[in-house]
Amino acid sequence: MKLWAGLLALCLVLTGCSGHAEEKQRRSFFAMDTYMTMTACGPEAEAGLKSAEARIRQIESELSVTDPGSEVYRVNHGSGTDIPVGKDMEETLGTALALAEETGGALDPTLYPVVEAWGFTRERQQVPADETLRETMARTGWERLRLSEGTLHRPEGMEIDLGAVGKGYAGREAGRVLRAHGVTSAILSLGGNIEAVGARPDGTPWRVGIRAPDAEGHAGMLSVRDAAVVTSGSYERYFTDDSGKRWHHILDPASGYPAENGLLSVTVVGPDGLLCDGLSTALFVMGRDKAEAFWRAHGGFEMILIGEGRHITVTEGLAERFTVLPEYTAEKAEVLRR
Ligand code: AMP
Ligand code: MG
């Protein structure tokens, strides 16, 4: 009991909901293969959080790649090439395909056969044999999918994976549900991906910790209001082979191997969690130079790049909102300007 009381007190401090205790609600649960915690403030908080969790579970039941009842599973394991798809799939896959095009294929929602060969959606992971990699790579290629008016054209043998965009989409949708309930102050953490609704009840921004990709704890703190903060990092899922080499879960679609370019994590900040999630994965694959060029050319989002040597770059929109923690590195973040 004491421990719980202690934890509750800690939560109150961290989440910063002020006012009456009954107006702050917290909901924690396991979904989409990760631990989620949502905190909302105000009289509509409890009802809003309940609906937000239901929406996340609905998205999970449609987009899960392993649940035999999901829409993604039906697409991947069904016969036929022209398949009717629902709204959530249309929205997430449509965005993933658009980003695939804009990023020169750095994001590829058809990579599932390769992801599976590495074992990243299973309990056991391994470096695939060359032959397996060749065979699975031959069944990928986002250009071969066509999605229009609720119908997906998917050549036989191809399989989709929305793992790179699903959680950002879920965060966006949960935020929408909360706002529709009249909630103006909430902070959602979906396995480290953040969706901030409004600001803290006292009007000051939410404070979000950006994980250190190569150590315990945080590399820096970010102030946000009404924004998604989505991170892709090599530390999130990986295994170590017999020789001690580490292999992580973000694959370069050009090679079928984990992207190795000196970046350790990419955090994307913007108004649309779905776009942020797709971008974080794509920019991680692209590496620092291409990611910076992409930001300069497209804009519409901000980012934090953390590379080897703890070198941190932030785009100019975050310059005043991001603080490097001195225990992580003594160097200031480099500010990327247009
Ligand atoms: P994220 O954590 O959002 O960067 O997404 C990583 C997940 O997306 C992986 O666990 C895979 O399921 C899948 N994935 C890995 N590499 C790619 C890629 N290049 N394009 C699309 N999905 C990918
Ligand atoms: Mg992503």
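Quantities reported herein were computed from a predicted structural model and do not represent experimental measurements. (Residues numbered from 1 in each chain as written. Chains lettered and ligands numbered in written order. Predicted model: local features only at pLDDT ≥ 70, side-chain atom pairs only at ≥ 80, totals over all residues. Heavy atoms only, no water.)

(A) Representation of empty space enclosed by the protein in the model. Taken as a whole and assessed by the stated rule, the structure comprises one cavity of 30 Å³ or more. The computed volume of the largest cavity comes to approximately 40 Å³. If you trace the largest cavity, you find it lined by Lys 167, Gly 168, Gly 171, Leu 190, Asn 193, Ile 194, Glu 195, Ala 228, Val 230 and Gly 273. Elements supplying a minimum of two residues to the lining of the largest cavity: helix 7 (166-180), strand 7 (193-198) and strand 10 (227-233). Of the residues assigned to the lining of the largest cavity, the class counts are four nonpolar, four polar and two charged. (1 Å grid on protein atoms, 1.4 Å probe; cavity = no way out; pocket = protein on both sides within 12 Å on 5 of 7 lines; lining within 4 Å. Points joined across faces, edges and corners; volume = space filled by probe spheres on them. Helix = DSSP H or I, 4+ residues; strand = E, 2+ residues; numbered from the N terminus. Nonpolar A, V, L, I, M, F, W, Y, C, P; charged D, E, K, R; others polar.)

(B) Examining the coordination of the magnesium ion (ligand 2) more closely. Those donors, Ala 164 (O), Asp 277 (O), Asp 277 (OD) and Thr 281 (OG1), are the protein atoms that reach the magnesium ion (ligand 2), and they lie 2.0 to 2.4 Å from it. We note that the donor set of the magnesium ion (ligand 2) lies within a single chain, spaced as A-x112-D-x3-T. With Ala 164 in the loop between strand 5 (151-153) and helix 7 and Asp 277 in helix 8 (residues 273-298), the pair connects residues that are 113 residues apart, well separated along the chain. Residue class for Ala 164 comes out partly exposed when judged on its relative accessible area of 22%. (Donors = N, O, S within 2.8 Å, 3.2 Å for Na, K, Ca; no water. Buried < 20%, exposed > 50% of the residue type's maximum accessible area, 1.4 Å probe, protein only.)

(C) Spatial organisation of the pairing of strand 15 (residues 311-315). Most of strand 15 sits inside the fold, with four of its five residues counted as buried. Here four bridges tie strand 14 (residues 302-307) to strand 15, and the two strands are oriented antiparallel to one another. Looking at strand 15, one finds that Ile 304 is bridged to Val 314. Linking two consecutive strands that pair antiparallel, namely strand 14 and strand 15, is a turn of three residues; a positive phi of about 75° is found at Gly 309 within it. With three bridges connecting them, strand 15 and strand 17 (residues 334-336) associate as parallel partners. Paired with Thr 315 across the bridge in strand 17 is Leu 336. (Pairing = 2+ DSSP bridges.)

(D) Molecular detail of the nonpolar core. One finds Ile 56, Met 89, Leu 93, Trp 118 and Leu 178 to be the most contacted residues of the largest nonpolar core, which totals 50 residues. Sort the elements by how many residues they give to this core and helix 2 (residues 45-63) lands first, with six residues. Residues in contact with Trp 118, not counting those within four places in the same chain, are Arg 124, Gln 125, Gln 126, Val 127, Pro 128, Leu 133, Phe 239, Trp 247, Leu 251, Gly 256, Tyr 257 and Pro 258. With 25 residues, the next largest nonpolar core counts Ala 96, Ala 259, Trp 295 and Leu 305 among its residues. (Core = buried A, V, L, I, M, F, W, Y, C linked by side-chain atoms within 4.5 Å. Contact = heavy atoms within 4.5 Å.)

(E) Quick look at the sheet that holds strand 9 (residues 218-224). Judged by pairing direction, the sheet is antiparallel, and its three strands sit side by side in the order 8-9-16 without closing on themselves. One side of each edge strand has no neighbouring strand; the edge strands of this open sheet are strand 8 (206-211) and strand 16 (322-324). Neighbour-to-neighbour, the strand axes of this sheet turn through a mean angle of 25°, independent of strand direction. In this structure, strand 8 lies alongside strand 9, joined through six bridges in antiparallel fashion. Within strand 9, the position partnered with Arg 207 by the bridge is Ser 223. (Axes fitted to C-alpha atoms, helices over the stretch in contact; angles between N-to-C directions.)

(F) Highlighting the confidence of the model for the chain. Taken over all residues, the pLDDT of the chain has a mean of 93, while the share at 70 or more is 93%. Confidence over residues 1-14 falls short of pLDDT 50; this stretch has five contacts with residues more than four positions distant or in other chains. (pLDDT = per-residue confidence, 0-100.)

(G) Looking closely at the site of ligand 1. Near ligand 1 there are 17 residues, and of these Asp 161, Ser 232, His 249, Leu 251 and Thr 281 occur at the shortest range. Within the backbone of Ala 164, one N or O atom sits 3.3 Å away from an oxygen atom of ligand 1. In the complex, the protein chains occlude 94% of the 500 Å² of accessible area that ligand 1 would expose alone. Element by element, the count of residues in the shell around ligand 1 is highest for helix 8, at three residues. (Near = heavy atom within 4 Å. Polar contact = N/O pair within 3.5 Å; in protein donor to acceptor, adjacent residues only side chain to side chain. Areas by Shrake-Rupley, 256 points an atom, 1.4 Å probe, with all protein chains shown as cover.)

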